[in-house]
Amino acid sequence: MESLLEFLSDKWWLVFPLSAFAGQYANSWRKASERRHQRKVELYTLKNQAREAEKASAAEVEALMAAHDATNRRWLDYELDVGKLIDFPLMTDVREPLTVAFLRAKREADGQRPASAADITSPARLEAYRQAVNSFAVALDVAEREARRIRDSKFSGPERERLATARKLLMIAENHAATPAERQAAYKRARRELDGLIVLPDVTIAALEERVAPGLDAGRQPSESGPA
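Below: a short report on this structure. Treat the numbers as computed from the prediction; the structure is a model and nothing was measured. (Residues numbered from 1 in each chain as written. Predicted model: local features only at pLDDT ≥ 70, side-chain atom pairs only at ≥ 80, totals over all residues. Heavy atoms only, no water.)

1. A closer look at a nonpolar patch on the surface
Here's step 1: A cluster of nonpolar residues, Leu-76, Leu-80 and Val-203, forms a patch on the protein surface that exposes about 200 Å² of accessible area.
Here's step 2: Inspection of the secondary structure puts Leu-76 in helix 2 (residues 15–79).
Here's step 3: Given the relative accessible area of 34%, Leu-76 is considered partly exposed. (Patch = residues over 30% accessible without salt bridge, like charges linked within 9 Å, V, L, I, M, F, W, Y side chains within 5 Å. Areas by Shrake-Rupley, 256 points an atom, 1.4 Å probe, with all protein chains shown as cover. Salt bridge = Lys/Arg side-chain N within 4 Å of Asp/Glu carboxyl O. Helix = DSSP H or I, 4+ residues; strand = E, 2+ residues; numbered from the N terminus. Buried < 20%, exposed > 50% of the residue type's maximum accessible area, 1.4 Å probe, protein only.)

2. Re the pattern of salt bridges
Side-chain pairs of opposite charge can arise whenever the charged atoms involved come near each other.
Here's step 1: Enumeration according to the criterion identifies 12 salt bridges in this entry.
Here's step 2: A salt bridge links Asp-141 to Arg-74; the nearest nitrogen and oxygen atoms lie 2.6 Å apart. Residue Asp-141 is found in helix 5 (residues 123–150), and its partner Arg-74 is found in helix 2; the two are separated by 67 residues along the sequence.
Here's step 3: The shortest N-O distance in the salt bridge between Asp-110 and Lys-106 comes to 3.0 Å. Placement of both Asp-110 and Lys-106 in helix 4 (residues 97–112) is noted, with a separation of 4 residues, approximately one turn of the helix.
Here's step 4: Each of the salt bridges in this network shares a partner with another, and the network as a whole consists of Glu-60, Glu-127 and Arg-130.

3. Concerning the packing of aromatic side chains
Here's step 1: Evaluation of the coordinates by the stated rule reveals 2 aromatic pairs.
Here's step 2: Centre to centre, the rings of Trp-75 and Phe-102 are 5.1 Å apart; their planes meet at 70°, and the pair counts as edge-to-face. Of this pair, Trp-75 sits in helix 2 while Phe-102 sits in helix 4; the two residues are 27 residues apart in sequence, bridging distant segments of the chain.
Here's step 3: Note on Trp-75: relative accessible area 5%, which makes it buried.
Here's step 4: Looking at Phe-102, the relative accessible area reads 0%, which means it is buried.
Here's step 5: Lys-84 extends its terminal NZ or CZ atom over the ring of Tyr-78, reaching a point 4.3 Å from the ring centre. (Phe/Tyr/Trp six-rings, centres within 6.5 Å; stacked < 30°, edge-to-face > 60°. Lys NZ or Arg CZ within 6 Å of the ring centre and 35° of its normal.)

4. Comments concerning helix 5
Here's step 1: With 28 residues, helix 5 should reach 40 Å at 1.5 Å per residue; the first-to-last C-alpha distance of 41 Å fits that figure.
Here's step 2: With its phi angle positive at about 45°, Arg-151 sits one or two positions after the end of helix 5. (Expected span 1.5 Å × (residues − 1).)

5. Section: helix 6 (residues 157–173)
Here's step 1: Under the 1.5 Å per step criterion, the end-to-end length of helix 6 is 24 Å for 17 residues, consistent within 8% with the ideal 24 Å.
Here's step 2: Residues of helix 6 that are buried include every one of Leu-163, Ala-166, Leu-169, Leu-170 and Ala-173, and no others. Burial along helix 6 is one-sided: seen end-on, the buried residues are contained in an arc of 130°. Counted as exposed and oriented over 90 degrees from the buried face of helix 6: Glu-161, Lys-168 and Met-171. (Arc of directions from axis to C-beta.)

6. Digging into the packing of helix 6 against helix 7 (residues 180–194)
Here's step 1: Between helix 6 and helix 7, the least distance of the axes is 8 Å, while the angle of their chain directions is 155°. The angle between the axes of helix 6 and helix 7 places the two elements in the roughly antiparallel class. Taken as a pair, helix 6 and helix 7 cross one another with a handedness that is left-handed. Two secondary-structure elements touch here, helix 6 through Arg-162, Leu-163, Thr-165, Ala-166, Leu-169, Leu-170, Ile-172 and Ala-173 and helix 7 through Glu-182, Arg-183, Ala-186, Tyr-187, Arg-189, Ala-190, Arg-192, Glu-193 and Leu-194.
Here's step 2: Considered class by class, the residues forming the contact of helix 6 with helix 7 number 10 nonpolar, 1 polar and 6 charged. (Axes fitted to C-alpha atoms, helices over the stretch in contact; angles between N-to-C directions. Parallel < 35°, antiparallel > 145°, perpendicular 65-115°, else oblique. Left-handed = near helix turned anticlockwise from the far one by under 90°. Contact = heavy atoms within 4.5 Å. Nonpolar A, V, L, I, M, F, W, Y, C, P; charged D, E, K, R; others polar.)

Below, the structure written as structure tokens:
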């Protein structure tokens, strides 16, 4: 014990460097603790950002699905309205490259469409759907502009007259003020006028017949209705 005391009495000056070393160690430990805390905060922030990114992606998918629906409705305006198809026949003419292009883009967008927004989780899948929807909208825009530009100019004079006649007849067929017999006769004549000029999609014919069906049914003769 005396030896230790003698040593300390002779080496009292070591207190200063040892105190400095202890201070440096304490400071280093404090900084290391601060760095660990900062890393935890950064990790927590990144996790929150990832969750927010997932929410943003879901919202973006929903927006894309809404844009997809809006573009489909624009197309259905033609497909369900014979009058618009008569005015803009290019929209169903599959011999036209622009029509084929937008129908192909529609199939691609429909194929990429998820059942729900939650079904798309990866950025790559989201980007593929975005491109498909945008391509569909652009292709329809281009086809519409061309259809409105040329209208019925590719038809001959007599063919344009037939189209105009069919347009008037369809107005009679859908007019509830006309008698059932008049509506039925107008519908049949309109179909004959359009035959060979415009190919009506099945869904178009179904929509048309649904609108004029009361007149057609009431205008049929008993022999047309089949056996009782």
